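# Breakdown of the fold
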Amino acid sequence: MSRLLALFLLPLAAVTDFAMAADGATRPLNWNAIGMFLVFVLFTLGVTRWAALRTRSASDFYTAGGGMTGFQNGLAIAGDMISAASFLGISAMMFLNGYDGLLYALGVLAGWPIILFLIAERLRNLGKYTFADVVSYRLEQTPVRLTSAFGTLTVALMYLVAQMVGAGKLIELLFGIDYLYAVMLVGVLMVFYVTFGGMLATTWVQIIKAVMLLFGTSFMAFMVLKHFGFSTEAMFAGATAVHAKGSAIMAPGGLLSNPIDAISLGLGMMFGTAGLPHILMRFFTVSDAKEARKSVFYATGFIGYFYLLLIIVGFGAIVMVGTDPSYRDATGAIIGGGNMVAVHLAQAVGGNLFLGFISAVAFATILAVVAGLALSGASAVSHDLYACVMRKGQASEQQEMRVSRIATLCIGVLAIILGLLFESQNIAFLSGLVLAIAASVNFPVLFLSMYWKGLTTRGAVLGSLSGLVSAIVLLVLSPAVWVNVMHHDKALFPYSNPALFSMSLAFFSAWLFSVTDTSPRAAHERGRYLAQFIRSMTGIGASGASKH
Amino acid sequence: MSPQDIELIHQHPDFIQLVRRKQKLYWSLSLIMLVIYFGFVLLVAFSPSTLGQSLSGGVTTVGMLVGVVIVGLAFALTGFYVYRANNVIDPLNEKLKQECAR
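Residues numbered from 1 in each chain as written. Chains lettered and ligands numbered in written order. Predicted model: local features only at pLDDT ≥ 70, side-chain atom pairs only at ≥ 80, totals over all residues.

## Notes on the overall build of chain B
The line we're drawing: Secondary structure elements are defined from DSSP: runs of H or I of at least 4 residues count as helices, runs of E of at least 2 residues count as strands, and each element is numbered from the N terminus. Around each residue's C-beta, the other C-beta atoms within 10 Å are counted; 20 or more make the residue buried, 12 or fewer make it exposed, and counts in between make it partly exposed. All C-beta atoms are placed from the backbone.
Helix and strand counts for chain B stand at four helices and zero strands. When the helices and strands of chain B are placed in sequence order, the string is α-α-α-α. Counting only C-alpha atoms, chain B reaches 65 × 25 × 15 Å along its principal axes. Put simply, chain B has 102 residues, and 27% of those count as buried.

Given below as C-alpha cells:
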C-alpha cells in the first residue's frame, strides 16, 4: 500500500496550480446550513445508537444481519451512486458543456442492468460478507483473499481520499468551516457511524440521505420547470440562447469524440461500478437472491430518475444561475467554482433556507458515502485478512468485530491525514481512476470466478494484479497525469481512460495463467466448479438472514 | 452438498430447464443493454451530428430524446428481468429445491 501511495504522491506533489475552491478568503458561517446539518447529525447519531443496540454478531456488523428489504437496499445503493460528486459534478458538467454531462450520467446508469443480470444474484448466493468470499469460493483462500483485500483497500482508500478532499473544500465553502475542521469532522463522524452502528447504521444513514437528496433535487427541478412554464423546450431554448456555446450544448461535444476513448470510458464506467467493494457489499445486506434482484430494480429507477432531474437542474442553471451576475465574482467566474452551480440554483429557486437544506444534504451525502467506503475497507481487513488469512477461520466473531472496529479507526485516521496532505492537490482525476481500477482489478476476476470453470488460483491472483498494475501505469502515462500533472510535453499513452486496455489485460492474464496451470490444485479447483455453479444458480446452501 | 447430491441436482430435468431459461434470460438482456449503450457510445464517437439534429423543428435535439429513452430502457429492462425471474424462474427454482430436499 505504501509503495502504491508513494507512486501517487510523486506526481501529485507536482501540482500546485489548481484548487477546487476558487476563493481562499474566509467566508461567513452559513447558519441555516449548519442548523439543518446539526439536525441531520443528531438524527443519524440517534439511528447509530439504535443500530448499535442491534449489532451483536459479525453478520449484523458486516451486513446488517442480511435483514434489509429490497426496497431499502435499493435506496441505499442509489444513495451510494448519487453522491455529492455526481450531484455537483454532473450538474456542473451540464452547465459548462451541456449534453456531455449526460454522457457521464448514462455510463454509470447503463452499468446497473448488467449488474442485475450477471452479478447480483450469484453474488448473493455465493457470498457472505465480502466479494472475496465469492472469488475464493473454490480457490485457495490465502492468495485470493490477500489479492482481493488488496484490491478492495486500494479502491476504497483512493475513493476515500477523493471524497475527503472534495468534502473539505465543499464544506469550507458551504458552511464557512475551516478545511482542517471540515475534514476532521467528516472523519470522526464516519468512524462513529461505522464502529458503533456497523452496516445497519451505515445503510440507514445512506437511505435517509438518499431520500433527502431525491426530495431536494425534485423540488429544484420542479421550480426550474415552473420557471419555464413546464416546458422543457422553453428551458432548452432559454439555455441555448444565453450559453456561450449556443445550440452546441444540445449535442455531443468534445467528450468521447475519439472512438477508443469513448469505448474505454464506457467500459470503465459500466464495469467499474460492478467492481466497487462498497457497492458489492450491499448485496449481502438482503435476505436472498430475490431481494438482491429487487434492490437493483429500485436502485436503477432511483438513479435514472435522479439523472433525469439533473438534466433539468443543469440546463436550468445555465439560465437561472448563469445569467445572474450576483452568482459571479468580479472576474465573471462562478463564485466558488463551477461545481457550485447546483448550490447557487438552490438559492435561486428556494431562497436561503433551501440553500441551507441543499448544503446540509451535500454534507450528509459525503458522510454517507465515506461511511460505506470505510466499512468495506475495514471488512477486507478484518474478514479477509484477519479472520480468513491470519487466523485461518479460527477467530471468534467478537475478535473479528473488534479487529474490524480497530481497522475502521485506522482507516478514519488515515483518511483524515491523507485528506490534509492532498488539500491543495488536483485530485479530480482520482475519482475517474477509481472506476477504471475497480473495472480492471476486481471485476474481471469476480466475473470469471462465477462464470468460468477454468479459473484457478494462479489465474485469479495474476489477473487481478496485472489489471491493477496496468491500470495505474497507463493512467500515469496518460494525458491526465503525464501532461497535466507532471508537465511533460506529450503523453506516452494517448487515451484518457485505461479501462479498455487494463481490463482486457486482466481478463487475458487470468485466462492465460489459468489454462497453463497444470498443478493438481488447479485440477481440484476446476472440479469444484459444478457445486459452486449449482449454488449460484439455485441458492441451495446460501447463507440466509440472521434472526433477531 | 455431497458429491451424490451434486450429481443428482446436476442431472435433474428441472435443474437443466432452470439453467437453460435463466441463461437465456440474462444473456439476452445483457446483450440488449450492451448493444443499446455501446451503440449510443459509438454514435456519439462517429456521428455526433445525428444526435444534434432538431427533434421536431425546435431546440430539443434527437440526442436529448435518445438520452432520456436510454434511461427509460435501462429501467424497463431491469423491470422485465425482475418480472420474469419472479414469475418464471423462481417457481421452477422452488420446485427443484423441494424435490431435492426430499
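That was the structure; now back to the text.
## Section: the overall build of chain A
Looking only at helices and strands, chain A features 22 helices and zero strands. C-alpha atoms of chain A, sized along the principal axes, occupy 70 × 55 × 45 Å. Across the 548 residues in chain A, those meeting the buried criterion constitute 65%.

## So, the nonpolar core
Residue and element names in this part refer to chain A. Put simply, the test is: Working definition: the nonpolar core is a set of buried Ala, Val, Leu, Ile, Met, Phe, Trp, Tyr and Cys residues, joined through C-beta atoms within 7 Å. Residue pairs qualify as contacts under a 7 Å threshold applied to their C-beta atoms, which are placed from the backbone.
In this structure, Val161, Val186, Leu345 and Leu367 are the most contacted members of the largest nonpolar core, which totals 241 residues. Ranked by residue count, the leading element in this core is helix H14 (residues 341–390), at 31 residues. For Leu367, the residues in contact, after removing those within four places along its chain, are Val186, Leu189, Met190 and Val205.

## Points about the packing of helix H11 (residues 259–273) of chain A against helix H2 (residues 13–46) of chain B
Short version of the rule: A fitted line through C-alpha atoms serves as each axis, taken over the contacting stretch for helices, and the angle formed by two N-to-C directions is quoted from 0 to 180°. Note on angle classes: values under 35 degrees are labelled roughly parallel, values over 145 roughly antiparallel, values of 65 to 115 roughly perpendicular, and the remainder oblique. Handedness of a helix crossing follows the sense of rotation of the near helix relative to the far helix, less than a right angle counterclockwise being left-handed and clockwise being right-handed.
Packing of H11 of chain A against H2 of chain B leaves a shortest axis separation of 9 Å and a crossing angle of 150 degrees. Comparing the axis directions of H11 of chain A and H2 of chain B gives the class roughly antiparallel. Crossing geometry of H11 of chain A relative to H2 of chain B is assigned as right-handed. Along its contact with H11 of chain A, which presents Pro259, Ala262, Ile263, Gly266 and Met270 of chain A, the element H2 of chain B presents Tyr37, Phe38, Val41, Leu42, Val44, Ala45 and Phe46 of chain B.

## Points about the confidence of the model for chain B
Just so we agree on the cut-off: The predictor rates its confidence in each residue with pLDDT, a number between 0 and 100.
Of the residues in chain B, 99% reach a pLDDT of 70 or more, and the chain-wide mean stands at 91. Across the interface, the model reports ipTM at 0.95; the global pTM reads 0.91.

## Quick look at the interface of chain B and chain A
To keep it simple, the criterion reads: All amino acids are sorted into three groups, where Ala, Val, Leu, Ile, Met, Phe, Trp, Tyr, Cys and Pro are nonpolar, Asp, Glu, Lys and Arg are charged, and the leftover types, Gly among them, are polar.
Across the boundary between the two partners, chain B contributes 43 residues, which contact 46 residues of chain A. Breaking the side of chain B that touches chain A down by element, the ones donating at least two residues are helix H1 (3–11), H2, helix H3 (48–52) and helix H4 (62–101) of chain B. The element that contributes the greatest number of residues to the side of chain B that touches chain A is H4 of chain B, accounting for 18 residues. A per-class count over the side of chain B that touches chain A returns 29 nonpolar, 11 polar and three charged.

## With respect to the environment of Ala182 of chain A
Residue and element names in this part refer to chain A. Here Ala182 lies in helix H9 (residues 179–227). In sequence terms Ala182 and Ile208 are 26 residues apart; their C-alpha atoms lie 21 Å from each other. Ignoring any residue separated from it by four or fewer positions in sequence, one finds Ala182 in contact with Ala167, Gly168, Ile171, Glu172 and Ile177.

## Quick word on the packing of helix H18 (residues 457–477) of chain A against helix H20 (residues 499–515) of chain A
Residues and elements named next belong to chain A. Look at H18 against H20: their axes get within 7 Å of each other, and the N-to-C directions meet at 155 degrees. Judged by the inter-axis angle, H18 sits roughly antiparallel to H20. Like other packed secondary-structure pairs, H18 and H20 cross with a definite hand, here right-handed. Residue-level inspection shows Arg458, Gly459, Ala460, Leu462, Gly463, Ser464, Ser466, Gly467, Ser470, Ala471 and Leu474 of H18 in contact with H20, the latter providing Phe501, Ser502, Met503, Leu505, Ala506, Ser509, Ala510, Trp511, Phe513 and Ser514. Looking at side-chain class alone, the contact of H18 with H20 contains 11 nonpolar, nine polar and one charged residues.

## Some thoughts on unusual backbone geometry
Residues and elements named next belong to chain A. Despite not being glycine, Ala64 has its phi angle at roughly 55 degrees, a positive value. With respect to the helices and strands, Ala64 occurs in the loop between helix H3 (58–63) and helix H4 (70–81). The class of Ala64 is buried, set by 29 C-beta atoms lying within 10 Å. Phi at Lys392 takes a positive value of approximately 50 degrees, unusual for a residue other than glycine. Tracing the sequence through the fold places Lys392 in the loop between H14 and helix H15 (397–421).

## A word on the confidence of the model for chain A
Per-residue confidence for chain A gives a mean pLDDT of 88, with 93% of residues at or over 70. Here residues 1–25 of chain A scores under 50 on pLDDT; set against residues more than four positions off or in separate chains, the count is 31 contacts.

## Concerning the environment of Gln53 of chain B
Residue and element names in this part refer to chain B. Summarising the element assignment, Gln53 is placed in the loop between H3 and H4. Residue Gln53 is classed as exposed on the basis of its 11 C-beta neighbours within 10 Å. Distance from Gln53 to Met64, taken between C-alpha atoms, is 9.9 Å for residues 11 residues apart in sequence. In this view, Gln53 contacts Thr61 and Val62; residues no more than four positions away in its chain are not counted.

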